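Residues per chain are reported as follows:
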Amino acid sequence: MAGLRFSRYRAPLLASAAMNPATNLVLVGPMGAGKSSIGRRLAERFGLAFVDADTFVEQRTGASISAIFDHVGEAGFRERERSALAELLAGDAQLVATGGGAVLDAGSRQLMRERGFVVYLSAGIDSQLRRLGRYRTRPLLQRGDREQVLRDLAAHRAPLYREVADLVMDTDGLTASEAAGRLGVRLAQHWHITGINA
């Protein structure tokens, strides 16, 4: 299907659906790729509990992401993010939409690989800029030229997204509903877990 491709890094996991019978679905990708909007639709389709990892961190710490960055820096935030993911992924039957930088921490990457079927939602810079146009609270976008920031982040993070991904999908040119519909079809084919119906 157009726009959908498998990760060359973890293609063997797709040779047989039984090889990765993860009970959690994990979405990774850059800001503006649609992880939350697509994730909510997929969670409903597959009967999963939807969890936004950033929101979970805020609930656990009692502080906004911006406030955490201000007080303990990005390194401190990543520690809290890893702890939150460990707590979340200890459960089952969840769709976890991660923050754009969750893959930066090696421990978080290991948790996602071990406890989830990981989908990398990719998006081009133009799509990200368009979708993020109304957001002014994302810490990493407060550093000047948004386009250059997004390009720098992509150069660093894209290989890590691919490293953890069981499946890769390009969301460019798709609405959240369209992307969720297309991705749902492929997940129904390649991700089978007991008790979950597509």
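Everything discussed here concerns the structure shown above.
Given the structure is predicted, the values throughout are model-derived calculations rather than measurements.

About the criteria used
- Residues numbered from 1 in each chain as written.
- Predicted model: local features only at pLDDT ≥ 70, side-chain atom pairs only at ≥ 80, totals over all residues.
- Heavy atoms only, no water.
- Helix = DSSP H or I, 4+ residues; strand = E, 2+ residues; numbered from the N terminus.
- Buried < 20%, exposed > 50% of the residue type's maximum accessible area, 1.4 Å probe, protein only.
- Contact = heavy atoms within 4.5 Å.
- Areas by Shrake-Rupley, 256 points an atom, 1.4 Å probe, with all protein chains shown as cover.
- Axes fitted to C-alpha atoms, helices over the stretch in contact; angles between N-to-C directions.
- Parallel < 35°, antiparallel > 145°, perpendicular 65-115°, else oblique.
- Left-handed = near helix turned anticlockwise from the far one by under 90°.
- Nonpolar A, V, L, I, M, F, W, Y, C, P; charged D, E, K, R; others polar.
- Pairing = 2+ DSSP bridges.
- Salt bridge = Lys/Arg side-chain N within 4 Å of Asp/Glu carboxyl O.
- Expected span 1.5 Å × (residues − 1).
- Bend = angle between axes of the 7 residues up to and from the residue.

A. Here's a closer look at the overall build of the protein chain. Across its full length, the protein chain carries seven helices and six strands. When its helices and strands are written in sequence order, the protein chain yields β-β-α-β-α-α-β-α-β-α-α-β-α. A buried classification covers 48% of the 198 residues belonging to the protein chain. Counting contacts in the protein chain only where the partners sit at least 6 residues apart, residues at least 24 apart contribute 76% of the total. Accessible surface for the protein chain amounts to roughly 9100 Å². Of this, 49% is attributable to carbon and sulfur atoms.

B. Just the packing of helix 5 (residues 125-132) against helix 6 (residues 146-164), in detail. Contact pair helix 5 / helix 6: the axes reach a minimum separation of 10 Å and the direction vectors enclose 125°. Of the possible angle classes, the one that applies to helix 5 and helix 6 is oblique. By crossing handedness, the relation of helix 5 to helix 6 is classed as right-handed. Here helix 5 contributes I125, Q128, L129 and L132 to the contact with helix 6, which in turn contributes R146, E147, L150 and R151. Here the residues of the contact of helix 5 with helix 6 sort into four nonpolar, one polar and three charged.

C. Broad picture of the pairing of strand 5 (residues 117-122). Burial analysis of strand 5 places six of its six residues in the buried class, the great majority of the element. Neither face of strand 5 is exposed, since F117, V119 and L121 on one face and V118, Y120 and S122 on the opposite face are all buried. Relative to strand 5, strand 2 (residues 25-28) is paired through four bridges, and the arrangement is parallel. Across the sheet, residue L25 finds its bridge partner in strand 5, namely F117.

D. Molecular detail of the pattern of salt bridges. Counted under the stated rule, the structure contains eight salt bridges. A salt bridge links R82 to D105; its shortest N-O distance comes to 2.5 Å. Here R82, found in helix 3 (residues 65-89), pairs with D105, found in the loop between strand 4 (94-97) and helix 4 (106-115); they are 23 residues apart in sequence, far enough to count as distant. Look at D105 and you get buried, because its relative accessible area is 14%. One salt bridge connects R151 with E147, and the closest N-O pair in it is separated by 2.9 Å.

E. Spotlight on helix 7 (residues 176-190). When the terminal C-alpha atoms of helix 7 are compared, their 21 Å separation across 15 residues agrees well with the 21 Å that a helix rising 1.5 Å per residue should span. By the burial criterion, the buried members of helix 7 are A179, A180, L183, G184, R186, L187 and H190.

F. View of the packing of helix 1 (residues 35-46) against helix 7. Between helix 1 and helix 7, whose axes approach to 9 Å, the crossing angle comes to 45°. As the angle between them shows, helix 1 and helix 7 are arranged oblique. Relative to helix 7, the crossing made by helix 1 is right-handed. Contact residues: S37, I38, R41, L42, R45 and F46 in helix 1; A176, S177, A179, A180, G181, L183, G184, V185, L187 and A188 in helix 7. Taken together, the residues of the contact of helix 1 with helix 7 break down into ten nonpolar, four polar and two charged.

G. The arrangement of unusual backbone geometry in detail. With phi around 55°, A93 is a residue other than glycine that occupies positive phi space. Along the chain, A93 turns up in the loop between helix 3 and strand 4.

H. Molecular detail of helix 6. With 19 residues, helix 6 extends 26 Å from end C-alpha to end C-alpha; this agrees with the ideal 27 Å at 1.5 Å per step. Helix geometry: helix 6 is bent most strongly at R157, by close to 40°, with proline P159 lying one to four residues after it. Those residues of helix 6 that sit buried are R146, V149, L150, L153, R157, L160, Y161, R162 and V164.

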